[in-house]
Amino acid sequence: MSLIEKPVETAERAKFYDKIDGGSYTALWTVLSSIITPEPKSACVSHLWHFDEAKSYLLEAGGLITAKEAERRVLVLENPGLRGQSRITTSLYAGLQIVMPGEVAPAHRHSQSALRFVMDGSGAHTAVDGERTNLGFGDFVITPAGAWHDHGNHSSEPMIWLDGLDIPIVSVFDASFAEEHHEDEQPITRQTDDTKWRFASNMLPVDYERARLSSPIFNYPYARSREALENLKKQGELDPCHGIKMRYVNPVDGGWAMPTMSTCLQLLPKGFKTHPYRSTDATVFVVTEGKGRSTIAGKTYEWAPKDIFVVPSWKTVVHEAESEAVLFSYSDRVCQEKLGLWREDRGNAVPL
């Protein structure tokens, strides 16, 4: 038997396969090489979405359907190799959401965890479990699984952000539940940014009891994260594969901020070119600042601010910054780590 090649199919074997098929049986040796592969193998491919084009489509959609009618006015970023599946990678979903001035995206909750990465506009807010937070460019916002959430835009300009969800992961376990709130906007029971004062000041309430696996902080402001990258740049310690790359953490245990999606922010100095790198977690990147290019499995993509691109599992990527660049990213690394599956290949690169 081989993990790579199927056994020869003789007429006698084909007859046997037909016979057992009626009872819903399959001979393992006929499918083994396709279900246990020597390396990661999927239909997921690399791709880049230009924000300018996406924004024009979103604005057009804003005139076609209201946020309330659509529930969420979102354009799904479908991986070209996974069309019709609402997936950007095998395990993750991505979409661009627009909320027009004066609109409310109605309150609901679901089993899926969601992240928001603010890409365009200012002055909107999101509410999670009775608390509102104002949204600004580059903010990373968490909606935990099962939490009531709604969005509102009281500014004079459209607001656009990236939605990242673990929809395919939840679907694998057949564990999806969803519920609509009886009001468009949930009751607000806490002061704005209450969680910031409770959990984001290197302190926790003395008798804090963990209620969810995700971070109790649900807005990680870009200004603070960007400041951290800038000050680390002064130290001059660059990882050859990542530049300066930091992960968003849960202050309760120091782990990833979300239980199913790993989120990071990294800085690539002007002219910096990373060493070739690959890992098993297919990764979605958002260009927050700067211009440059990424070569993924031999194909080069030129990117500019707010563009989005995806690197499939175990495909080699090299980033090159034409100007100083900042990239936000998310993947399923946290899930793979918990299952003992995550692997990376840094070649000969070691931290400088």
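None of these values were measured; they are calculated from a predicted model.

**Thoughts on the overall build of the chain**
Each helix and strand counted, the chain has eight helices and 22 strands in total. A globule of 352 residues ought to have a C-alpha radius of gyration of about 20 Å, and the chain, at 22 Å, matches this closely. Expressed as lengths along the three principal axes of its C-alpha atoms, the size of the chain is roughly 75 × 55 × 50 Å. For the chain, the proportion of its 352 residues judged to be buried stands at 49%. Considering only contacts in the chain between residues 6 or more positions apart, those separated by 24 or more positions represent 75%. When the 37 basic and 47 acidic side-chain charges of the chain are each reduced to a single mean position, those positions are 4 Å apart.

**Details of unusual backbone geometry**
Here Ser 86, not a glycine, exhibits a phi torsion of approximately 55°, which is positive. When you line up the elements, Ser 86 lands in the loop between strand S2 (74-76) and strand S3 (93-99). For Ser 86, a relative accessible area of 32% corresponds to the partly exposed category. The phi angle at Asp 174 is positive, at roughly 50°, despite the residue not being glycine.

**Brief notes about the state of the cysteines**
Evaluation of the coordinates by the stated rule reveals zero disulfides. Cys 44 takes part in no disulfide bond, and the closest cysteine sulfur to it belongs to Cys 335, at a distance of 16 Å. Using a relative accessible area of 6% as the deciding quantity, one classes Cys 44 as buried. A disulfide-free cysteine, Cys 241 has its sulfur positioned 14 Å from the sulfur of Cys 264, the nearest such atom. Under the relative-accessibility criterion, Cys 241 is labelled buried at 2%.

**Here's the deal with the packing of aromatic side chains**
Summed over the entire model, instances satisfying the criterion amount to 12 aromatic pairs. Summarising the aromatic geometry, the rings of Phe 117 and Phe 328 are spaced 4.1 Å apart at their centres and angled 15° between planes, so their arrangement reads as stacked. Here Phe 117 is found in strand S5 (residues 114-120), whereas its partner Phe 328 is found in strand S21 (residues 325-331), with 211 residues between them in sequence. Neither Phe 117 nor Phe 328 differs from the other in exposure class; each is buried. Ring centres 5.5 Å apart and planes at 80° place the aromatic pair Tyr 220 and Tyr 248 in the edge-to-face group. One end of the pair, Tyr 220, is in strand S12 (residues 219-220); the other, Tyr 248, is in the loop between strand S13 (244-247) and strand S14 (262-268), with 28 residues separating them in the sequence. We note that Tyr 220, like Tyr 248, is buried. An aromatic cluster is present here, built from Phe 117, Phe 140, Tyr 220, Tyr 248 and Phe 328 joined pairwise through their rings. Of note, Arg 247 hangs over the ring of Trp 256, and the distance from its end group to the ring centre comes to 4.7 Å. Across the ring face of Trp 342, the terminal group of Arg 333 is positioned such that the distance to the ring centre comes to 3.8 Å.

**Quick word on the pattern of salt bridges**
Summed over the entire model, instances satisfying the criterion amount to 23 salt bridges. Of the charged contacts, one joins Glu 324 and Lys 233 as a salt bridge, the two residues approaching to 2.7 Å between their closest N and O atoms. Of this pair, Glu 324 sits in the loop between strand S20 (317-321) and S21 while Lys 233 sits in helix H7 (residues 222-235), placing them 91 residues apart in sequence. Looking at Glu 324, the relative accessible area reads 25%, which means it is partly exposed. Owing to a relative accessible area of 26%, Lys 233 belongs among the partly exposed residues under this scheme.

**Description of H7**
For H7, built from 14 residues, the straight-helix expectation of 20 Å at 1.5 Å per residue is met to within 8% by its first-to-last C-alpha distance of 21 Å. Within the sequence span of H7, burial applies to Tyr 222, Ser 225, Arg 226 and Leu 229. All buried residues of H7 lie within an arc of 100° about the axis, which places them on one face of the element. Seen from the open side of H7, the exposed residues pointing more than 90 degrees away from its buried face are Ala 223, Arg 224, Lys 234 and Gln 235. Here the buried face of H7 lies against S12, S13, S14, strand S16 (283-289) and S21. Taken from the residues just after H7, Gly 236 is the one with a positive phi, measuring 80°.

**Details of the sheet that holds S13**
Spatially, six strands are ordered S1-S19-S16-S21-S14-S13 in an open sheet, and the strand pairing comes out antiparallel. Every interior strand has two partners, whereas the edge strands, strand S1 (47-49) and S13, have only one. For this sheet, the mean angle separating the axes of adjacent strands, direction not counted, is 20°. Summarising the sheet, S16 and S21 pair through six bridges and their orientation is antiparallel. Bridging across to S21, Phe 285 finds its partner in Ser 329. Strand contacts of H7: S13, S14, S16 and S21, with the helix running at about 50° to S14, the strand carrying the most contacts.

Criteria and cut-off values
Residues take numbers from 1 onward in each chain, read along the sequence in its written order. Thresholds applied to this predicted model are a pLDDT of at least 70 for local features of residues and 80 or more for the giving and counting of side-chain atom pairs; totals over whole chains, interfaces and linings are not thresholded and use all residues. With hydrogens and water excluded, all non-hydrogen atoms of the structure serve as input to the side-chain values. The secondary structure listing takes helices from DSSP runs of H or I that are at least 4 residues long and strands from runs of E that are at least 2 residues long, numbered from the N terminus. Within these notes, the globule rule equals 2.2 Å times the number of residues to the 0.38 power, and the radius of gyration is based on C-alpha atoms. Per-residue accessibility, obtained with a 1.4 Å probe over protein chains only, is compared with the maximum for each type, and a residue is labelled buried under 20%, exposed over 50%, and partly exposed between these values. In this analysis, two residues are considered to be in contact whenever any of their non-hydrogen atoms come within 4.5 Å of each other. None of His or the chain ends enter the tally, which takes Lys and Arg as positive and Asp and Glu as negative. To locate a charge, take NZ of a lysine, CZ of an arginine, CG of an aspartate or CD of a glutamate. To count as a disulfide, a pair of cysteine sulfur atoms needs to be within 2.5 Å. What counts as a ring pair is set by centres within 6.5 Å for rings of Phe, Tyr and Trp (its six-membered ring), and what kind of pair is set by the plane angle: stacked under 30 degrees, edge-to-face over 60, tilted for all other angles. Only when the NZ of Lys or the CZ of Arg is both within 6 Å of the ring centre and within 35 degrees of the ring normal is a charge said to sit over the ring. Think of a salt bridge as a Lys or Arg side-chain nitrogen and an Asp or Glu carboxyl oxygen that are within 4 Å of each other. To estimate how far a helix should extend, the number of its residues minus one is multiplied by 1.5 Å. As used here, the arc belongs to the directions running from the helix axis to the C-beta atoms. Each pair of strands is called paired provided DSSP finds at least two bridges between the two strands. Under this scheme, a helix contributes an axis fitted over its contacting stretch, all axes are lines through C-alpha atoms, and angles between N-to-C directions fall in the 0 to 180 degree range.

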